[in-house]
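Observations on chain architecture
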Amino acid sequence: MSAESASGIQKGLVDLVDFIDWSGVECLNQSPVHSLPNALKQGYREDDGLHLESHADEQLLIYIPFSQVVKLHSIAIIGPEEEGPKGVKFFSNREHMGFSNVSDFPPSDTAILSEDNLKGKPLILKYVKFQNVRSLTIFIEDNQAASEITKVQKIALYGTMMETTDMKGLKKIEDH
C-alpha cells in the first residue's frame, strides 16, 4: 500500500466537496438506483440509508473534476465490511478513462483499504503527485469479500485550494 493511512484530518485541510464541478462528475458501472451522488454529495453521504453501488460487477470508475485547481492531501472512502472497496487506484488529471484503458496508465497512487479505512480513517496520498489537481479519477478494482457488488457509503476529499490569479480581475494596462 503506497498511500499511507492517516490518523485523522490534518489542521488547515478542508473538505473539497464545495470545489467539485458537479456538471462533469461521472461514474461508470454505477447502479441506477444507488448512484455516485449518494456517496459524494454533502447531506446525501451522511445518510446511512444511501450509498453508491456497482451494477454489472464489482468495479467502479469515478471521475471528479474540480472547479479550481486543488492540492489533494487525503481521501476517506467509507463502506461496509464485506462489500466495501478493497483495491483502489487514484489518477490525477487523467480524463476520459474507461474500463478498457484504465490499465494503460500508471496510477498516481494505489491503496488497499483496511477495515479502519472503511470506517473513516483517511488515506494520505503521495504529496508530490497531487499538487495541481484539476480532476481525480478513482478506480475501485475489487471489494473486501470478492463479491459481485461493491458498496461505498461516503467519499470525502481533503486538501487545500491553490492560490491562483483571477485573470478576470486584472486590468489591462493602456499604452499612452
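Presented here is a report on the structure given in the accompanying data block. (Residues numbered from 1 in each chain as written. Predicted model: local features only at pLDDT ≥ 70, side-chain atom pairs only at ≥ 80, totals over all residues. Heavy atoms only, no water.)

**Thoughts on the pattern of salt bridges**
One side chain can pair with another of opposite charge once the charged atoms of both are near each other. Within the structure shown, the criterion is met by six salt bridges. Across the salt bridge formed by Arg-45 and Glu-46, the nearest N and O atoms sit 3.1 Å from each other. We classify Arg-45 as buried; its relative accessible area is 6%. Assessed through its relative accessible area of 40%, Glu-46 is described here as partly exposed. Close ionic contact of Lys-89 with Glu-141 constitutes a salt bridge, the shortest N to O distance being 3.9 Å. A residue pair is termed long-range when its members are at least 10 positions apart, and Lys-89 in strand 6 (residues 87–92) and Glu-141 in the loop between strand 9 (133–140) and strand 10 (151–152) qualify at 52 residues. Overall, the relative accessible area of 23% leaves Lys-89 in the partly exposed class. Beyond isolated ion pairs, a larger network of salt bridges with shared partners links Asp-15, Arg-45, Glu-46 and Lys-154. (Salt bridge = Lys/Arg side-chain N within 4 Å of Asp/Glu carboxyl O. Buried < 20%, exposed > 50% of the residue type's maximum accessible area, 1.4 Å probe, protein only. Helix = DSSP H or I, 4+ residues; strand = E, 2+ residues; numbered from the N terminus.)

In short, geometric facts, not functional conclusions.
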